[in-house]
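Okay, here's what each chain looks like letter by letter:
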Amino acid sequence: GDPDFVRSGPIAGWAPGNQPYRYPDGLAMLLPGGVDFVLEVHYHKTGKATKDRSALAFYFADAPVARHVESGVIGTEQIDIPAGDDAFGRYVFMELPAEVELIDVTPHMHYLGREVEAYATLPDGEQVPLIKIDDWDFRRQDSYVYREPLRLPKGTRIEALFHFDNSATNPFNPSSPPQRVREGWQTTDEMCLFYFSFVPTDAASLGAIQRASIESFLRPSNP
């Protein structure tokens, strides 16, 4: 097998506004026998007693499925937004080392997120729009599923542009007056992540695709 192949990883995620959906016919996520499931929940303390209504459900295929959906993410942890900065930007990308079919995309930011745009630049230079959100709302995050899987050839560059607004004019800014905000897990921190689900044309290429995804976090993130 591929020594770079990593089976452990996320099988699902949730953020405010995210809705569950079923994969198209003929597609499913592979769950090998003997795996352990870990449910991780991030709580933001409010100082008040509250209840958790989290629930989890699995839907299994009725028949064997040969084509398996995998997940990837590009992004950066290089986030340090000065107080009052209304145009903080980050650009992240990865280059596909093998052909894939793109199933869905899920951008993720927190309260300071304002805009996100992603596109695929094909090897011949053509740009294919993937998603564009002009007015980000932390409460209405979702996975955006394509009507038909989008085939992206080897050498395609998946690129995403994120913009943040840490000014007093951002109605969602959690600090008044604005405070310096850095990358972190708290809702009052920030994140810059672009998740996507895909089916590799050649299952043996999965390790290389995963490695290319991780490399997006290791390079300098340009504004």
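Quick caveat: nothing in here was measured; it's all calculated off a predicted structure.

Peer 1: Before we go on, may I ask you to explain the packing of aromatic side chains in this structure?
Peer 2: When we look at a pair of aromatic rings, we describe it by the centre distance and by the angle of the planes. Taken as a whole and judged by the stated rule, the model has 7 aromatic pairs. Each ring, one from Tyr21 and one from Tyr23, has its centre 5.8 Å from the other, and the planes form 90 degrees; the classification is edge-to-face. You can call Tyr23 partly exposed: its relative accessible area is 25%. Summarising the aromatic geometry, the rings of Tyr111 and Phe138 are spaced 4.6 Å apart at their centres and angled 45 degrees between planes, so their arrangement reads as tilted. Of this pair, Tyr111 sits in the loop between strand E6 (100-108) and strand E7 (113-121) while Phe138 is found in the loop between strand E8 (127-133) and strand E9 (144-152), placing the two residues 27 residues apart along the sequence. Relative accessible area serves as the criterion here: at 11%, Phe138 is assigned to the buried category. Chaining the aromatic ring pairs together yields one cluster made of Phe37, Phe58 and Phe60. Lying across the ring of Phe93, Arg219 places its NZ or CZ 3.9 Å from the centre.

Peer 1: Help me out: how do you make sense of the nonpolar core in this one?
Peer 2: Soluble, globular proteins show a tendency: their nonpolar side chains are buried together. Core analysis: the biggest nonpolar cluster contains 37 residues, and Met94, Leu152, Ile158, Phe162, Phe164, Phe194 and Phe196 have the highest contact counts within it. Ignoring anything within four residues of it in the chain, the contact list for Phe196 reads Glu70, Ser71, Gly72, Val73, Ile74, Met94, Leu102, Asp104 and Val105.

Peer 1: Explain the sheet that holds E9 here, please?
Peer 2: Sheet strands pair by backbone hydrogen bonding; their relative direction is either parallel or antiparallel. Strands sit in the order E3-E12-E6-E9 across an open sheet of 4 strands; the sheet is antiparallel. Either end of the sheet is taken by a strand with one partner, and the two such strands are strand E3 (70-76) and E9. Between one strand axis and the next, the sheet turns by 30 degrees as a mean value, whatever way the strands run. Direction of pairing for E3 relative to strand E12 (residues 192-200): antiparallel, over a ladder of 7 bridges. What sits directly across from Gly72, in E12, is Phe196.

Peer 1: What should I look at first to understand unusual backbone geometry in this one?
Peer 2: With the exception of glycine, most residues fall at negative phi, and the peptide bonds are largely trans. A cis amide bond links Ser176 with the next residue in sequence, Pro177, at an omega value of 5 degrees. Positionally, Pro177 belongs in the loop between strand E10 (157-164) and strand E11 (181-182).

Peer 1: How do you make sense of the sheet that holds E10 when you look at a structure like this?
Peer 2: With antiparallel pairing, 4 strands are arranged side by side in an open sheet as E5-E10-E7-E8. On the outer flanks of this sheet lie strand E5 (88-95) and E8, each paired with one strand and no other. With strand direction ignored, the average angle separating the axes of adjacent strands in the sheet is 15 degrees.

Peer 1: Got a minute to help me understand a nonpolar patch on the surface in this structure?
Peer 2: A grouping of Ile11, Leu31, Val35, Phe37, Leu39, Val41, Tyr43, Leu56, Phe58 and Phe60 is seen on the molecular surface, where their side chains present a nonpolar patch of about 1,000 Å² in accessible area. For Phe58, the position within the fold is in the loop between strand E1 (27-28) and strand E2 (67-68). Of the residues examined, Phe58 reaches a relative accessible area of 36% and is grouped as partly exposed.

Peer 1: Help me understand the pattern of salt bridges in this model?
Peer 2: Side chains bearing opposite charge may pair, as long as their charged atoms lie close to each other. Throughout the structure, instances matching the rule amount to 8 salt bridges. The partner of Arg67 in a salt bridge is Glu101, and the shortest N-O contact between them spans 2.7 Å. Note that Arg67 is positioned in strand E2 and Glu101 in strand E6, a separation of 34 residues in sequence. For Arg67, a relative accessible area of 36% puts it in the partly exposed group.

Criteria and cut-off values
Residue indices begin from 1 for each chain and proceed along its sequence in written order. The model is predicted, so local features are restricted to residues of pLDDT at least 70 and side-chain atom pairs to those at 80 or more, both for listing and for counting; the totals for chains, interfaces and linings are taken over all residues. Computation of side-chain values covers all heavy atoms of the structure but excludes hydrogens and water. We call Phe, Tyr and Trp rings a pair once their centres come within 6.5 Å, taking the six-membered ring for Trp, and we label the pair stacked below 30 degrees between planes, edge-to-face above 60, and tilted otherwise. Only protein chains enter the calculation, and the probe is 1.4 Å; a residue is then buried if its accessible area is under 20% of its type maximum, exposed if over 50%, and partly exposed in between. Helix and strand definitions follow DSSP, with helices as H or I runs of at least four residues and strands as E runs of at least two, each counted in order from the N terminus. As a reminder, the over-ring test applies to NZ of lysine and CZ of arginine, requiring each to be within 6 Å of the ring centre and within 35 degrees of the ring normal. We define a nonpolar core as any set of buried Ala, Val, Leu, Ile, Met, Phe, Trp, Tyr and Cys residues linked to one another through side-chain atoms lying within 4.5 Å. Residue contacts follow a heavy-atom distance rule, with two residues in contact if any of their heavy atoms lie within 4.5 Å. In short, DSSP must find at least two bridges between two strands for them to pair. The angle between two axes is taken between their N-to-C directions and runs from 0 to 180 degrees, where each axis is a line fitted to C-alpha atoms and a helix contributes only its stretch in contact. Here a patch means residues that are over 30% exposed by relative accessible area and free of salt bridges, tied together within 9 Å if like-charged and within 5 Å if nonpolar (Val, Leu, Ile, Met, Phe, Trp, Tyr). Note on areas: these come from Shrake-Rupley sampling with a 1.4 Å probe, and a residue is covered only by the protein chains present in the view. The term salt bridge refers to a side-chain nitrogen of Lys or Arg lying within 4 Å of a carboxyl oxygen of Asp or Glu.

Purely spatial values, then, with no claim about function.
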